[in-house]
Amino acid sequence: MRRTTVRGTSLWAWLLGTIFSAAGFLILWVLKGLGWFGMQLLSWAFHHPRTMLGLGLPTAAVLLIGWQWVVGIVGVVLLSGSVWSAGHRESFDRIITAWLRDWHQKWWRYRRVWERVMTRCGLVVEVDDQRHFPRLRSVETTPYWDRLTLEMQVGQELADFENATGRLRTAFGGERLVVKELTPPKMISVELMRRDPFRHEIVVAAEMPRTTSDIDFTALPIGLDEHLEPLTISMVGGHTAAAGATGAGKAGVEWNILRSLAPAIADGTVKPVFIDPKARELRRGLALVDTGVYGVPTPELNTRGRRIDDGNQGPEPSGDYAVTEWDTICLLERIAAEIHEANMEGGAAGERDFVPSKRTPLRPIFIDELAPLLAYWSRGATERIDSALGLILTQGRAAGYIVVGLIQEPTKDIFKVRDLFQRRIGLRLPTEDHTDAALTDNAVDRGADCSNIPESLPGVCYSFHEKDKKAIRGRLGHVTDDDIDELVEFVTDMRKVTSINANQPDVDVEIIETDVEDVA
């Protein structure tokens, strides 16, 4: 009996000891898990306060006041949001929709697959069997773009991400991806276009300012960039060339510039010059320039206009509109002489920078097609044009003579003066070689994808800004015939008002302002 009792007692003691040991181990394991989870919560709350607050508040509310009250509050919030959205959609989208889109994109589109994408795109640094991933610091979104701010790991550089742009774009399902370096250099920006805004947004013609004082000659709006910010061009800092195939929308450059200069053209602060070899595009705006006196072509001339080797060339034209070889030569040589005289006078007066004014007007020279002037007209004509145009391109900026030239075939053997144009815009072009010839060497490698612009998107273009290594993508404002007619009517009517006021110096100022507003 005693032996049996000892055995029973030992068995129960062993069993109880085992149970208590297992319970202690389980309790310790649970406490460690809770501690780890608590630390994770604190870490998440510190790094992602909006997300944790959004999840924590409803949970706490359910525990404190009950789920019925929570459901009621949520219903009131949804109803209020619906009323807000219907009453003022713009502010609702700016505050609520943008916040929800940022949160959703950051967590679902990026963080959920971040490590897998970085691994497969070759953007992981491995050291001693440890893997270090680029840190996703923030995500900012628009209806078309996601802007990711990344912190690179030690051992990574900007070129690693530039070389992986194609893989990243495919992995995240975007249409376009641009990588930029930020300050400090360890930080970079990855901008992903989810959908092309130019397929959904209409880019209208540039708005005409009301007065000359409203014009910023260093930043004339001519369209929108791919972030739907104003696409601008300077008309005092250098010459501009735009290259594009037939139907690419090159004319949008000149007409948007003219609309942006409308009041200055009307009051004489800007006096444009038109060279229109086709005699079609710029002719619609003939009222904007001083037409002067033309030499009348004779029946002996062929369809290309006056030949430089003709014995009877006729009188020299005095206006600012040229179509034929002879008119163009006379106009450009006259302008070259004017530039020399203006620079001599400005230098004697100690002037260094050009400022448009009625005394020294800006003289933009719009050349609707450069190729005939540079290559296709007779050799004698092109030689004289090359000489005059070269002087204008090298000396004209200081005197306010700025060339805006369009070209359809920007090959190196035709567009030899490319480097004299400080600003170059590339629209749809047939090949990558044409893109490099039109913009700059290795333009395609720097993001100027002109050869892949579809015909369905006329006006889409690429250009380079002095501060950006990558090409800037934009779309020129679409200028219709009605927009051109509106421009001509605006300038013509404002000139009439200006002329009437000039002849009546004692006229009441309020009447002048009212008339100008009526014209605008």
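Provided above is the structure to which this section pertains.
On a predicted model such as this, the values are computed, not experimentally measured, just so you know. (Residues numbered from 1 in each chain as written. Predicted model: local features only at pLDDT ≥ 70, side-chain atom pairs only at ≥ 80, totals over all residues. Heavy atoms only, no water.)

K.L.:
Explanation requested: the sheet that holds strand E4 (residues 145-151) in the structure shown.
P.N.:
Remark on secondary structure: sheet strands pair via backbone hydrogen bonds, oriented parallel or antiparallel. If you walk across this open sheet you meet the four strands as E3-E4-E6-E5, and the pairing is antiparallel. With partners counted over all chains shown, the strands left at the sheet margins are strand E3 (135-141) and strand E5 (176-181), one partner each. If you compare each strand with its neighbour and ignore which way they point, the axes differ by 20 degrees on average. By the bridge criterion, six bridges tie E3 to E4 in an arrangement that is antiparallel. Note on E4: the bridge partner recorded for Arg135 is Glu151. Strands in contact with helix H7 (residues 165-172) are E5 and strand E6 (187-193); relative to E5, the strand with the most contacts, it is inclined by about 125 degrees. (Pairing = 2+ DSSP bridges. Helix = DSSP H or I, 4+ residues; strand = E, 2+ residues; numbered from the N terminus. Axes fitted to C-alpha atoms, helices over the stretch in contact; angles between N-to-C directions. Contact = heavy atoms within 4.5 Å.)

K.L.:
What should I look at first to understand the packing of aromatic side chains in this one?
P.N.:
Each aromatic ring pair is described using two quantities: the centre-to-centre distance and the angle formed by the ring planes. For the structure shown, the criterion picks out four aromatic pairs. Aromatic side chains Trp114 and Phe172 sit 6.2 Å apart centroid to centroid with 20 degrees between the ring planes, which places their arrangement in the stacked category. Linking Trp114 in helix H5 (residues 114-120) with Phe172 in helix H7, this pair joins segments that are 58 residues apart in sequence. For the pair Trp114 and Phe172, one class covers both residues: buried. (Phe/Tyr/Trp six-rings, centres within 6.5 Å; stacked < 30°, edge-to-face > 60°. Buried < 20%, exposed > 50% of the residue type's maximum accessible area, 1.4 Å probe, protein only.)

K.L.:
Mind showing me how you'd approach the pattern of salt bridges here?
P.N.:
Between side chains of opposite charge, pairing is possible as soon as their charged atoms come close. Overall, the coordinates contain 21 salt bridges when judged by the stated rule. Salt-bridge contacts for Glu191 lead to Arg147; the nearest nitrogen and oxygen are separated by 3.7 Å. Placement of the pair is Glu191 in strand E6 and Arg147 in strand E4, with a sequence separation of 44 residues. Its relative accessible area of 8% is what places Glu191 among the buried residues. Judged by relative accessible area, which is 29%, Arg147 ranks as partly exposed. As a salt-bridge pair, Glu338 and Arg363 come within 3.9 Å of each other at their nearest N and O atoms. Taken together, the residues span a long stretch of sequence, with Glu338 in helix H10 (residues 325-348) and Arg363 in strand E12 (residues 363-367) at a distance of 25 residues. (Salt bridge = Lys/Arg side-chain N within 4 Å of Asp/Glu carboxyl O.)

K.L.:
Would you mind showing me how to read a nonpolar patch on the surface here?
P.N.:
On the surface, Leu11, Trp12, Trp14, Leu15, Leu16, Ile19 and Phe20 cluster together into a nonpolar patch covering about 830 Å² of accessible area. Summarising the element assignment, Leu15 is placed in helix H1 (residues 2-47). (Patch = residues over 30% accessible without salt bridge, like charges linked within 9 Å, V, L, I, M, F, W, Y side chains within 5 Å. Areas by Shrake-Rupley, 256 points an atom, 1.4 Å probe, with all protein chains shown as cover.)

K.L.:
How should I be thinking about the sheet that holds E12 in this particular structure?
P.N.:
Here 10 strands make up an open sheet; going across it, the order is E8-E7-E16-E15-E14-E9-E13-E12-E10-E11 and the pairing mixed. The sheet is open, and its two borders are formed by strand E8 (230-233) and strand E11 (321-322), each paired with just one other strand. Two strands pair when backbone bridges link them, and strand E7 (residues 220-225) and strand E16 (residues 472-476) are joined in this way by three bridges, in the antiparallel orientation. From the neighbouring strand, Asp225 faces E16, where its bridge partner is Gly474. Running at roughly 130 degrees to E7, helix H8 (residues 251-260) makes contact with E7, E8, strand E9 (240-243), strand E10 (273-275), E12, strand E13 (401-407), strand E14 (423-426) and E16 of the sheet.

K.L.:
Just to check I follow, could you spell out unusual backbone geometry for this structure?
P.N.:
A negative phi angle characterises most non-glycine residues, just as the trans form characterises most peptide bonds. Not every positive phi belongs to a glycine, and Asp129 is a case in point at roughly 65 degrees. Within the element layout of this structure, Asp129 appears in the loop between strand E1 (125-127) and strand E2 (130-132). Within the chain, Ala279 stands out as a residue other than glycine whose phi angle is a positive 60 degrees. Of note, Ala279 is situated in the loop between E10 and E11. Judged by its relative accessible area of 26%, Ala279 falls in the partly exposed class.

K.L.:
How should I be thinking about helix H12 (residues 379-395) in this particular structure?
P.N.:
Every α-helix winds through 3.6 residues per turn, so residues three or four apart in the chain are directed the same way. For H12, with 17 residues, the first-to-last C-alpha span of 24 Å sits near the 24 Å given by 1.5 Å per residue. When we look at burial in H12, the residues that qualify are Ala381, Thr382, Ile385, Ala388, Leu389, Gly390, Ile392 and Leu393. As for H12, its buried residues are in contact with H10, E12, helix H11 (371-376) and E13. (Expected span 1.5 Å × (residues − 1).)

K.L.:
Would you mind showing me how to read the pairing of E4 here?
P.N.:
Regular strands show a simple pattern: their side chains alternate between the two faces of the sheet. For E4, the tally of buried residues reaches six of seven residues, placing the bulk of the element in the interior. Counting the residues between successive antiparallel strands, the hairpin from E3 to E4 contains three residues. Taken together, the seven bridges between E4 and E6 define a ladder with antiparallel strand orientation. Each residue of the ladder has a partner; that of Leu148, found in E6, is Val190.

K.L.:
So what exactly am I meant to see when it comes to the packing of H10 against H12 here?
P.N.:
Put simply, H10 and H12 touch, their axes get as near as 9 Å, and they point 30 degrees apart. Our classification of the angle between H10 and H12 gives roughly parallel. At the point where H10 passes H12, the crossing takes the left-handed sense. Seen from H10, the contacting residues are Glu325, Trp326, Thr328, Ile329, Leu332, Glu333, Ile335, Ala336, Ile339 and Asn343; seen from H12, they are Ala381, Arg384, Ile385, Ala388, Leu391, Ile392 and Gln395. For the contact of H10 with H12, a count of residues per class yields 11 nonpolar, three polar and three charged. (Parallel < 35°, antiparallel > 145°, perpendicular 65-115°, else oblique. Left-handed = near helix turned anticlockwise from the far one by under 90°. Nonpolar A, V, L, I, M, F, W, Y, C, P; charged D, E, K, R; others polar.)

K.L.:
What am I meant to see in the packing of helix H3 (residues 67-87) against helix H4 (residues 89-110) here?
P.N.:
Packed helices, taken two at a time, are described by the angle their axes make and the gap between the axes. Running from amino to carboxyl end, H3 crosses H4 at an angle of 125 degrees, the nearest separation of the two axes being 5 Å. By the angle class used here, H3 and H4 are oblique. Contacts between H3 and H4 pair Gly81, Trp84, Ser85 and Gly87 from the former with Arg89, Ser91, Phe92, Ile95 and Ile96 from the latter. A class-by-class count of the residues in the contact of H3 with H4 yields four nonpolar, four polar and one charged.

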